[in-house]
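Residues per chain, in single letters:
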Amino acid sequence: MWKRIRHRLGLKKKARDLPGTAHVPEKAALAASAASGNIDDRGPAKYFHGRKEVLSSFADRRARASAGGPSAQGTTFLIQGAPGAGKTALLHRCAEEAAQDDWLVAKIDLHALYDPASMASWLDQSYIARASRQVEIDLKVVRSTRSKETGGITNVSQLLREAASSTARGLLLVLDEVQTLVKLAASPHELDATSTLNLIHNGEVGCSAILLAGGLGTSEAAFNSLGVSRFYDGCVVNLGRLPPEPERAIIRDWLVQDGGAEGDATAWIDAIARETHGWPQHIIAFVEPAAGVVRACHGQMTPDGLEAVLRQGQQRKEKYYFARIQELTEPGRMVLGRALSTMPTDSSFRDSEVLDILSEEYSRAEAQQIFELILHKGILAKTLRGRFAVPIPSMHHWLVEQYHLGKRPS
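Let me sum up the structure you'll find in this document. Since the structure is predicted, the reported quantities are computational estimates derived from the model, not experimental observations. (Residues numbered from 1 in each chain as written. Predicted model: local features only at pLDDT ≥ 70, side-chain atom pairs only at ≥ 80, totals over all residues. Heavy atoms only, no water.)

1. A closer look at the packing of aromatic side chains
To keep it simple, the criterion reads: Only Phe, Tyr and Trp rings are paired, with Trp represented by its six-membered ring, and only when their centres lie within 6.5 Å; those with planes under 30 degrees apart are stacked, over 60 edge-to-face, the remainder tilted. A run of DSSP states H or I qualifies as a helix once it reaches four residues; a run of E qualifies as a strand once it reaches two. Both are numbered from the N-terminal end. Working definition: with a 1.4 Å probe on protein chains only, accessible area under 20% of the residue-type maximum means buried, over 50% means exposed, and in between means partly exposed. Ring-over charges, as used throughout, are those where CZ of Arg or NZ of Lys falls within 6 Å of the ring centre and within 35 degrees of the ring normal.
Counted by the stated rule, this structure contains eight aromatic pairs. Considering the side-chain rings of Y321 and W398, the 5.5 Å spacing of their centres and the 45° angle between planes classify their relative orientation as tilted. Placement of the pair is Y321 in helix α12 (residues 303-325) and W398 in helix α16 (residues 393-403), with a sequence separation of 77 residues. Here W398 falls in the buried class, since its relative accessible area comes to 8%. Lying over the aromatic face of W254, K46 brings its terminal NZ or CZ to 5.1 Å of the ring centre. Between the NZ or CZ atom of R324 and the centre of the ring of Y320, over which it lies, the distance is 4.7 Å.

2. Notes on the side chain of R333
The criterion, for reference: We call two residues in contact whenever any of their non-hydrogen atoms come within 4.5 Å of each other.
Of note, R333 is situated in helix α13 (residues 330-341). With relative accessibility at 15%, the residue R333 sits in the buried group. Not counting the four nearest positions on each side in its chain, R333 is found in contact with I325, Q326, L328 and Y403.

3. Observations regarding the sheet that holds strand β2 (residues 103-107)
The following threshold applies: The criterion for strand pairing is that DSSP finds at least two bridges linking the strands in question. Fitting a line to C-alpha atoms yields each axis, with helices limited to the stretch in contact; the angle taken between N-to-C directions then spans 0 to 180 degrees.
A sheet is described by the order of its strands in space; here five strands give the open sequence β2-β7-β8-β1-β9, paired in parallel fashion. This sheet does not close on itself; its edge strands, each paired only once, are β2 and β9 (236-238). Across the sheet, the mean angle from the axis of one strand to that of its neighbour is 15°, orientation sign disregarded. With five bridges joining them, strand β7 (residues 170-175) and strand β8 (residues 209-215) adopt parallel strand pairing. By the bridge assignment, L173 is partnered in β8 with L211. In this fold helix α3 (residues 52-67) packs onto β1 (74-80), β2, β7, β8 and β9, with an angle of close to 165° to the strand it touches most, β1.

4. Structural notes on empty space enclosed by the protein
Our working definition: Cavity means a closed set of points on a 1 Å grid over the protein atoms alone, one where a 1.4 Å probe fits but cannot get out, pocket means an open set with protein on both sides within 12 Å along at least 5 of 7 lines, and lining means a residue has an atom within 4 Å of a point. Grid points are joined across faces, edges and corners, and a volume is the space filled by probe spheres set on the points. Three classes are used: nonpolar for Ala, Val, Leu, Ile, Met, Phe, Trp, Tyr, Cys and Pro, charged for Asp, Glu, Lys and Arg, and polar for all others, with Gly counted as polar.
If you add up the space inside the largest cavity, you get close to 50 Å³. In terms of lining, the largest cavity is formed by L336, A339, F349, V354, I357, L358 and L380. Contributions of two or more residues to the lining of the largest cavity are made by α13 and α14 (351-358). Here the lining of the largest cavity gets three residues from one element, more than from any other, and that element is α14. Of the residues in the lining of the largest cavity, the class split is seven nonpolar, no polar and no charged.

5. Focus: unusual backbone geometry
Backbone geometry at R51 places phi at a positive 60°, although glycine is not the residue there. Position of R51 relative to the elements: it lies in the loop between α2 (24-32) and α3. Owing to a relative accessible area of 14%, R51 belongs among the buried residues under this scheme. Of note, the phi angle at E177 is positive, near 55°, even though the residue is not glycine. Within the secondary structure, E177 sits in the loop between β7 and α7 (190-201).

6. Digging into the packing of helix α9 (residues 244-258) against helix α11 (residues 280-296)
As a reminder of what qualifies: Roughly parallel here means an angle under 35 degrees, roughly antiparallel means over 145, roughly perpendicular means 65 to 115, and every remaining angle is called oblique. By definition, any crossing whose near helix is turned counterclockwise from its far helix by less than a right angle is left-handed, and any crossing with a clockwise turn is right-handed.
Relative to each other, α9 and α11 sit at 25°, their axes nearing to 8 Å. Taken together, the axes of α9 and α11 are roughly parallel relative to one another. Between α9 and α11 the crossing geometry is right-handed. Here E247, I250, I251, W254, L255 and D258 of α9 come into contact with α11, specifically with I283, I284, V287, E288, A290, A291, V294 and R295. Grouping the amino acids of the contact of α9 with α11 by side-chain chemistry returns 10 nonpolar, no polar and four charged.

7. Points about the nonpolar core
Applied cut-off: To qualify as a nonpolar core, a set must consist of buried Ala, Val, Leu, Ile, Met, Phe, Trp, Tyr and Cys residues joined through side-chain atoms within 4.5 Å.
I79, L173, L181 and F223 are the most contacted members of the largest nonpolar core, which has 91 residues in total. When residues of this core are assigned to their parent elements, the largest contribution, six residues, is made by helix α4 (residues 87-100). Not counting the four nearest positions on each side in its chain, L173 is found in contact with A106, I108, M119, L123, L160, I200, I210, L211 and L212. If you look at the next biggest cluster of nonpolar residues, it comprises 27 residues, including W254, A265, I272 and F286.

So this is what it looks like as structure tokens:
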């Protein structure tokens, strides 16, 4: 997808009446989840709905950057949230809209922040470094016949200035998993990476340039570890659940467009939405097997089929929850479960309150480490008001049910 962006710029019988279709819903649901629960919830969304406020904010930031001026030519736009919140899909949509707006779009990795050869490769440019004896050495195999040589450039900053000046509207760099920026802090590459990040963040590339970043809930702190601590208003998005309307639209698209559902799908949409709570990972956990069941039943949405879908989706949800807490010790799980049992769903904590709760079982230093782990794993996520809450109601219930007052999972 990234390379393309850079370069483009009569009624059937019911399933139960058909021969050989006994238990088809159950078999189809099992087949849909056969890959050990490896849900395809990364990358571009097959059916994208919602996130209009984020897309609008990002479009506004692009417009400001394109307008020019010493303080308006660039910035960092950060989308952070718990695993399964749909960050990567939203990054793809933002990148697509920027490409449609004639921005040059390139996905990069951490190496590109300090290594000009790596940055040149992502920009489809052939990087030629000059050795001390003026011998030209080709450091990177070019991935595009349309690439441009950048001989004589010795750092990432120069490379970015040249790339940004060659595009009519601007340069968009897309960096996912930015919570890993902490790996560069106190490393030999810290100064170079910090220089690159600040160059973009402060609008000093010389032309319009934006870093579109996505990562877990600790991403803003990761930027801070490299000296990027102040974001423009609206440029840090704490991604949460989808509202009901786009959630239901996604479910409907999977049932009708992917599964070929015939007739009124409302009952299935209602049943699935009661389980997904607007959480993108949960939506995929249910709609993938749902589309498979509907296809296997020749477009019919039977009660048996829905029962099989709900069973498979619930198993996938529970696997997701276990993945969130598996690195947390049993005492930590118990403390958290007891605390959540006293609070209604969707209630929130201050960070100090979370630390106080964890300090019931651990030292303050240990509590701080566990709090960071809880954020990293998405057990708690930052809210719009800067507080912390369990991002999904059903996960709140599950944590209380499994770990309240010392109860162990069955």
